[in-house]
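Chain and residue survey
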Amino acid sequence: MPDAAISRLVHIISHAAQASDFQHQAHLVVEGISQTLSVDVCSLYQLDHQQNLQLLASQGLKNIHPVSIPKGKGLVGQVVDTIQIVNIIDPEQQPDYFYIPNTDEDRFKSFCGIPLIQQACVVGVLVVQRKQPIVISVEDEAILLTLAAHLALLLNNLPAPLGEIQQKIIKGVSGAKGVAIGHALLCQSETLASVNIQHSQDSNKEQLAWKALQQDALNELLQESEQVKASIGESLALVLEAYQQLLLDPLFISQVDSYISTGDTLPWALKQAVNYFADMFLAMDDPYLQARHEDIFHLGDKLYQIWNRTQAQHIESAESKAVDIERPFILCGDTISVSDIASLPAEKLKGIVCSGGAALSHVAVFANALGIPAVMGVGELSIQNHDKLIVDGDRGEVHLNPADSLIKEYRVLIKGWQIFKRETKQACHLPAITQDGHRVIVMANSGLQADILPGLNHGAEGIGLYRTELPFMVRSNLPTEDEQISIYRQVIEAYGDKPVCFRLLDIGGDKPLSYLPFIREENPALGLRGIRFLLGNELILKTQIRAILHASLDANNAQLLLPMITTTQELDRLIYLLDSEVQGLNQLGVNAQRPPLGVMVEVPSIISMLPLWKSRIDFVSIGSNDLSQYLLAIDRNNPQVALYYDPLHPGVLYELSRIVKTATEYGLPLSVCGEMASDPVAALFLLGMGVRRISISAAHIPTIKWLIQQVNTKDTKQLITTALAMENASDIRKLGEQMLANFSKETNYLS
Ligand code: PEP
Ligand code: MG
């Protein structure tokens, strides 16, 4: 856009920024456009739920209240139907022309309508008109298009006009699968976000208040975790214990101390410390750890709420208490903490909708464990208390005030889903054997203490991927050898004689450790990570190897897995160091043994190396998350390109089947530990290729085991053959979905 156009755009935006509410803002935008682009009319229309266009604001039309253009009528309707810009002169000569009575519209000889699009749907139209028959220039069209993108966002979040019940579909991401119907209950507690800069005259008083607050919060968290243990279950109380650990973290405490000592009030000190730690987590590229930043915010809000109570300033929100929690409700909020959930009757809580958060948020983990659907990241909440909602956790969407017919359809779905869940949960401790007798081993991915029990409870036959970097990343310094031994031993012991596969630290590059000096890299995913980092930091590597060897002394179920391996030199050096550590321990009289050694297949170039490495390694594990990222050149964590990241891309499927063929030919046991194995459609293709060992998140194990029990491998073999002749991922997915639909109507819940 040329500089002159940008300055005109800035003028319009800064003009509109003076407004405090949307109606006023809409008025200032149309006024600003009229002045800046020298047009005679500028109007903004919003599409209502019956697809009629309601005029929200206009500069230049006469007698405009109220104006409604019926669905599909006129040039404005044409803009909506075609989702195209209409930029013409002599509009009244067009067959689609529709005169809005009493507005004197017929005086205008040029018309330009721009669709306002939000998430691929038209939500309104921006129109400019001139008395002169001159089309709007390309440059002005670009300005209008830019403004339209902003207006679309605002319109989408606008509450329904008074008296009209707002009906719409709100899109987010799936946090927990399943479907639920209920009334909205808004989580309206005070948050640290509302605290502004405040200084205190008395730092000692603030320090004393901080000490008392720590104790009060600790007591309350202990009480809540006892409550959760009793009402919901032991494993979920771990989330509240994580809040306690954060609260006791000396770094966090000293950070608040130091803000107070520079003269800040306790709430302001808390807010700064919370932001500091949240930013630290957010900067991590591992999505699991990134999601932990929410825990810090939740803890901060909890501390602030307790502080407010002790200040006797807390006024119980009359409205939130008035909401009827006797009938099924859906908890909705900007962020929802586990404490919020714990304080409500679990049997009435049917679903969760969160404006922030991601699929790996603790709230999502909690919802999964409770077996209720959750939709995360829906953006600004346009939901009111008591609104009727359908939460579709499978599609990651929420229906706001849905029609009765839709509710009926969903009720049928919910009934089927409940039966299906009961069935899969019952069968999850049975082996996964296909209809034609092929046994598939289904293991769990893990990395934190909190994952151990869910894996076992869901029928995991071992741990196929233990991400050792996670315990390193949640700390503020390197764990000692003894600390590591105790972490690894816990998992080994919990799984008895089942295999536990420890992947050596996959840090560096996009997963830095906050307490080690890392040099910023231009392309971290292609940088110093995994084995490359470890071989440059042999002290850390050797300590970790010794800890794993020690932890597995009396057990023979541990395995070692190498992350991001690319070259033979890396493999040979690693084997040399591993053997040296085993020998070193043996010389000290410790009966250590070299565990089976495998490599992650995640860098595409090593697919061709496997035949050469066959006698040096004991197994391979396909990391389909990174393998897809590197094959497709798509950042797996970048929401901007998430739409294109699809492991069902024919090129990825082809490479996966090449790996399986090579591993089979050279006698290398193989498993798949990337997320794709937990996608039922992708699982069918993997089975067809011959994959007989997978490792997935605990929550998905029952469904995938159930699916395997329905499948005949001959059919899946045919399926992958057909898929490999196809050209795009969406056709391949449809093909897989057709097979799922054949098993029974219940497989609706899988795709
Ligand atoms: C993978 O890349 O598929 C994998 C399992 O490893 P991570 O997700 O930890 O990178
Ligand atoms: Mg990986």
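Our subject is the structure that appears above.
Residues numbered from 1 in each chain as written. Chains lettered and ligands numbered in written order. Predicted model: local features only at pLDDT ≥ 70, side-chain atom pairs only at ≥ 80, totals over all residues. Heavy atoms only, no water.

1. Some points on unusual backbone geometry
For clarity, the threshold we go by: Helix and strand labels come from DSSP, where a helix needs a run of H or I of at least four residues and a strand needs a run of E of at least two; each type is numbered from the N terminus. Here's how the labels work: a residue is buried when its accessible area is under 20% of the maximum for its type, exposed when over 50%, partly exposed in between, all with a 1.4 Å probe on protein chains only.
With phi around 45°, Asn401 is a residue other than glycine that occupies positive phi space. Topologically, Asn401 is positioned in the loop between strand E14 (397-400) and helix H14 (404-427). We classify Asn401 as buried; its relative accessible area is 12%. Phi at Met564 is positive, roughly 60°, even though this residue is not glycine. Mapped onto the elements of the fold, Met564 is located in the loop between strand E19 (558-562) and helix H20 (568-587). Owing to a relative accessible area of 1%, Met564 belongs among the buried residues under this scheme.

2. Regarding the packing of helix H8 (residues 266-282) against helix H10 (residues 293-310)
Note the cut-off: Note on method: axes are straight lines fitted to C-alpha atoms, helices fitted across the in-contact stretch only, with angles between N-to-C directions ranging 0 to 180 degrees. Orientation categories follow fixed angle ranges, with anything under 35 degrees roughly parallel, anything over 145 roughly antiparallel, 65 to 115 roughly perpendicular, and all other angles oblique. Throughout, a residue-residue contact means that at least one pair of heavy atoms, one from each residue, lies within 4.5 Å. Residue polarity is assigned by list, with Asp, Glu, Lys and Arg as charged and Ala, Val, Leu, Ile, Met, Phe, Trp, Tyr, Cys and Pro as nonpolar; anything else, Gly included, falls into the polar class.
Their axes nearest at 8 Å, the elements H8 and H10 cross at an angle of 170°. In terms of axis orientation, H8 runs roughly antiparallel to H10. Mapping the contact onto sequence places Leu266, Pro267, Leu270, Val274, Asn275, Phe277, Ala278, Phe281 and Leu282 in H8 and His293, Ile296, Phe297, Gly300, Leu303, Tyr304 and Trp307 in H10. Tallied by class, residues from the contact of H8 with H10 come to 13 nonpolar, three polar and no charged.

3. A look at the coordination of the magnesium ion (ligand 2)
In plain terms, the rule: Counted as donors are the N, O and S atoms within 2.8 Å of the metal, or 3.2 Å for Na, K and Ca, while water is not among the atoms, so some sites may look incomplete.
Within the protein, the atoms that donate to the magnesium ion (ligand 2) are Glu602 (OE) and Asp626 (OD), at distances of 2.1 to 2.2 Å. Separated by 24 residues along the polypeptide, Glu602 in the loop between strand E20 (597-601) and helix H21 (610-613) and Asp626 in helix H22 (residues 624-632) bring together distant segments of the chain. There is no split in this pair, since Glu602 and Asp626 are both buried.

4. Concerning the sheet that holds strand E2 (residues 53-59)
So the rule is basically this: By the convention used here, strands pair only if DSSP detects at least 2 bridges between them.
The six strands lie next to each other as E3-E2-E1-E6-E5-E4, forming an open sheet whose pairing is antiparallel. Strands with a single pairing partner mark the edges of an open sheet, and in this sheet they are strand E3 (68-69) and strand E4 (86-89). Here strand E1 (residues 41-47) pairs with strand E6 (residues 121-130) via six bridges, running antiparallel. Bridging across to E6, Ser43 finds its partner in Val127. Strand contacts of helix H2 (residues 22-37): E1, E2 and E6, with the helix running at about 55° to E2, the strand carrying the most contacts.

5. Brief notes about the site of ligand 1
Convention followed: It suffices for a single heavy atom of a residue to lie within 4 Å of a molecule or strand for the residue to be listed as near it. Here a polar contact is taken to be a pair of N or O atoms separated by no more than 3.5 Å, where protein atoms must pair a possible hydrogen donor with a possible acceptor and residues adjacent in sequence count only if both atoms sit in side chains. Each accessible area value is a Shrake-Rupley result obtained with a 1.4 Å probe; residue values ignore everything except the protein chains displayed when judging cover.
Around ligand 1, the surrounding shell holds 13 residues, and the nearest of these are Arg467, Arg503, Gly623, Asn625 and Arg636. Note that an oxygen atom of ligand 1 is positioned 3.3 Å from one of the backbone N or O atoms of Gly623. The backbone of Ser624 places a nitrogen or oxygen atom 3.1 Å from an oxygen atom of ligand 1. Protein contact buries 99% of the 290 Å² of open area that ligand 1 shows by itself. Elements with a minimum of two residues in the shell around ligand 1: strand E17 (463-467) and H22. With three residues, the top contributor of residues to the shell around ligand 1 is H22.

6. Notes on helix H19 (residues 538-551)
Defined as follows: Take the residue count of a helix, subtract one, and multiply by 1.5 Å to get its expected span.
In a regular helix each residue adds 1.5 Å, so 14 residues correspond to 20 Å; H19 covers 20 Å between its end C-alpha atoms and thus fits that length. In terms of burial, H19 is largely enclosed, as ten of its 14 residues are buried. At its buried positions, H19 is contacted by helix H16 (469-473), helix H17 (481-494), strand E18 (500-503), helix H18 (531-536), E19 and H20.

7. Details of the packing of aromatic side chains
Rule in force here: Here the aromatic set is Phe, Tyr and Trp, taking the six-membered ring for Trp, and pairing holds for ring centres within 6.5 Å; pairs whose planes are under 30 degrees apart are stacked, those over 60 apart are edge-to-face, and all others are tilted.
Using the criterion set out here, one finds seven aromatic pairs in the structure. With 6.2 Å between their ring centres and 80° between their planes, Trp210 and Phe252 make a pair best called edge-to-face. Taken together, the residues Trp210 in helix H5 (residues 203-231) and Phe252 in helix H7 (residues 250-261) connect sequence positions 42 residues apart. The residues Trp210 and Phe252 share a single accessibility class, namely buried.

8. Description of empty space enclosed by the protein
Over the atoms rolls a probe the size of a water molecule, and its path tells where empty space is left. This is how the line gets drawn: Cavity and pocket criteria rest on a 1 Å grid covering protein atoms alone: a 1.4 Å probe that fits but cannot get out defines a cavity, protein on both sides within 12 Å along at least 5 of 7 lines defines an open pocket, and an atom within 4 Å of a point defines a lining residue. Grid points are joined across faces, edges and corners, and a volume is the space filled by probe spheres set on the points.
Applying the stated rule across the entire model yields two cavities of 30 Å³ or more. By volume, the largest cavity amounts to about 100 Å³. Forming the boundary of the largest cavity are 13 residues, of which Leu75, Val76, Phe98, Glu105 and Phe111 lie nearest the centre. Of all the elements in the fold, those that place two or more residues in the lining of the largest cavity are helix H3 (74-82) and E6. For the lining of the largest cavity, a count of residues per class yields ten nonpolar, two polar and one charged. Considered as a void within the structure, the second largest cavity measures approximately 50 Å³ in volume. In terms of lining residues, the second largest cavity is bounded by Val440, Ala677, Ala683, Leu686, Leu687, Val691, Ile694, Ile704 and Ile708.

9. Looking at the nonpolar core
We count it as follows: We call a set of buried residues a nonpolar core when its members are Ala, Val, Leu, Ile, Met, Phe, Trp, Tyr or Cys and they connect through side-chain atoms within 4.5 Å of each other. Boundary definitions for the domains trace back to an automatic or database domain assignment.
Judged by nonpolar contacts, the single largest core of 152 residues is most densely connected at Trp210, Phe252, Val599, Leu653 and Phe685. The residues that make up this core include at least three from each of domain 2 (169-404) and domain 3 (433-749). Residues in contact with Val599, not counting those within four places in the same chain, are Leu561, Leu562, Ile565, Leu571, Ile606, Leu610, Trp613, Ile617, Phe619, Val620 and Ser621. Judged by nonpolar contacts, the second largest core, of 29 residues, contains Leu9, Cys42, Leu144 and Ala152.

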